[in-house]
Amino acid sequence: MHAQASAHPASPTRARMRNTAVVLTLGAVMFTVGAVGLAPVNGGAPEPAVHLSPPRGTLAALQFRVRHTPLDSGAWAALGMSYVQQARTTADPATYGRAEKALRRSLTVQPADNANAQIGMGALAAARHDFPSALNWARKATRSAPYNPVAYGVLADAYTQLGRYPASYQAVQRMNDLRPDAPALARASYTFELRGRTGEAAALMRRSLDAASTTGERSFAHAVLSTLALQTGDPRQAYREARTGLRDAPGDSALLEASARAQAALGRTRQAIADYQAAIAVAPLPHYLLGLGELEQSLGHTDQAEAQYAVLRGQETIRRSGRTPADTDAILFEADHGSPAQAVTMAQHALKTRGFIAVHDACAWALHRAGRDREALRQADQALALGTRSALFLYHRAVIRHSLGDDAEARADLEAALRTEPHFHPLHAPAARALLRRIDTTP
């Protein structure tokens, strides 16, 4: 039975508008890296006459292979994809250059119908937040290999980040029609999560977990199930999912971060800090740093919070030097801990090539912090247009509505946010309760 990702298409109004760090569970490159893999290395060149080699499938093995079979386009494509994965898990953007070099070498060896390299280039473009290019490469891949489900996964990811949701649902459906495996079912789950249908999203992610054939696929499923449990106000289940995944993959940074958020929601702040620190030791990703910094700030640990923020500022300097669009974490950090005006500029630049609803939310918050609430409300409405269950999005819109004098609608959003996820943020959840009390006691 196929997952019916497009069985309930969004209405035209909802279809206008969600990687992640409420990047709503996932992140900019939702499933392109890690949860899917390229086809096995092809046999386009003879095996090298060598008896000892690294284990097949490792980065070292792929490097070994291309040295000895430089005309194997599949090996170059697989090596490029491995570098993309390495960059995503280590937060080392320099690795993207090595990825592009390997992928373009594959395309030089096999210029036509090279779906593996085209898929890799799509993943690379998405990792760099160049979603129009990701879409272009994904379309090339589906033309080269119309029955390759992985190509449709890359296509779905690009459409999602561009805000073209009905098209993304169709791509996910096609992926499931071709092969309803763990990555396909995970994407189907996400189409329901986007629309706030967390029960159906969790059921499909549980099916993805059952179908998982690798540690990476199982880890991914547990991390998503943990976040979905938080979104339904069940931090204990969120913690159980994260720890179950960590038994199988103790160094998985996404699971460590999921455990940290669950621990924080349960009031176990010491354990939450330890889990965040462990995640950052594996990969200093911006949403891990921001999560830990704001948790430390909520506890009055100013120096510890500032240490995380200093790293974030350094990462932002590197991003600007590369002229890549800002992610939502960077925009929200700048809005709350830097210059709101600069945050608005960052958000508006990101929206030019990424119409994802999480970017609309970040833009809304930046505009509010810059005192531009009427513009902010339009962006906040777009962020919630699909019906996504995000307590943070609802809180942002509530504050904007309150600033505009609409306390009735602000109260509704605050109540919905706290009902959805009572401990959604170490700073904003207490602020939401305080604002609700003020509204309720205002004559």
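See above for the structure.
Residues numbered from 1 in each chain as written. Predicted model: local features only at pLDDT ≥ 70, side-chain atom pairs only at ≥ 80, totals over all residues. Heavy atoms only, no water.

Visitor: Please explain the packing of helix α14 (residues 286-298) against helix α16 (residues 328-337) as it appears in this structure.
Guide: Two measures define how a pair of helices packs: the angle their axes make with one another and the distance between the axes. Close contact between α14 and α16 brings their axes to 10 Å; oriented N to C, the two are set at 30°. When the interaxial angle is binned, α14 and α16 end up roughly parallel. In the crossing of α14 with α16, the sense of the turn from one axis to the other is left-handed. Residues P286, H287, L290, E294 and Q297 of α14 lie in contact with α16, whose contacting residues are D329, F333, D336 and H337. Across the contact of α14 with α16, the residue classes break down as three nonpolar, three polar and three charged. (Axes fitted to C-alpha atoms, helices over the stretch in contact; angles between N-to-C directions. Helix = DSSP H or I, 4+ residues; strand = E, 2+ residues; numbered from the N terminus. Parallel < 35°, antiparallel > 145°, perpendicular 65-115°, else oblique. Left-handed = near helix turned anticlockwise from the far one by under 90°. Contact = heavy atoms within 4.5 Å. Nonpolar A, V, L, I, M, F, W, Y, C, P; charged D, E, K, R; others polar.)

Visitor: Explain the packing of aromatic side chains here, please?
Guide: Two measures describe an aromatic ring pair: the distance that separates the ring centres and the angle between the ring planes. Tallied over the entire structure, the rule returns three aromatic pairs. Residues W365 and Y395 carry aromatic rings whose centres are separated by 5.9 Å and whose planes lie at 45° to one another, so their mutual orientation is tilted. Here the residue W365 occupies a position in helix α18 (residues 357-369), and Y395 occupies one in helix α20 (residues 391-403), the gap between them amounting to 30 residues. Since its relative accessible area comes to 4%, W365 is described here as buried. Accessibility expressed as a relative area gives 6% for Y395, which makes it buried. The interplanar angle of 45° and the centroid separation of 5.8 Å between the aromatic rings of Y395 and F424 together place this pair among those described as tilted. Taken together, the residues span a long stretch of sequence, with Y395 in helix α20 and F424 in the loop between α21 (407-420) and α22 (428-441) at a distance of 29 residues. Residue F424 is classed as buried on the basis of its relative accessible area, which comes to 12%. In this structure an aromatic cluster arises from ring pairing among W365, Y395 and F424. (Phe/Tyr/Trp six-rings, centres within 6.5 Å; stacked < 30°, edge-to-face > 60°. Buried < 20%, exposed > 50% of the residue type's maximum accessible area, 1.4 Å probe, protein only.)

Visitor: Just to check I follow, could you spell out the environment of A125 for this structure?
Guide: You can see A125 is positioned in helix α4 (residues 115-127). The spacing of A125 and V84 is 41 residues in sequence and 9.8 Å in space, taken between C-alpha atoms. Excluding its chain neighbours within four sequence positions, the residues that come into contact with A125 are D130, S133 and A134.

Visitor: How should I be thinking about unusual backbone geometry in this particular structure?
Guide: Glycine aside, residues mostly have negative phi, and peptide bonds are mostly found in the trans state. Look at H129: it is not a glycine, yet its phi comes out positive at around 65°. Looking at H129, the relative accessible area reads 9%, which means it is buried. Even without being glycine, R323 reaches a positive phi, approximately 60°. Within the secondary structure layout, R323 lies in the loop between α15 (302-322) and α16.

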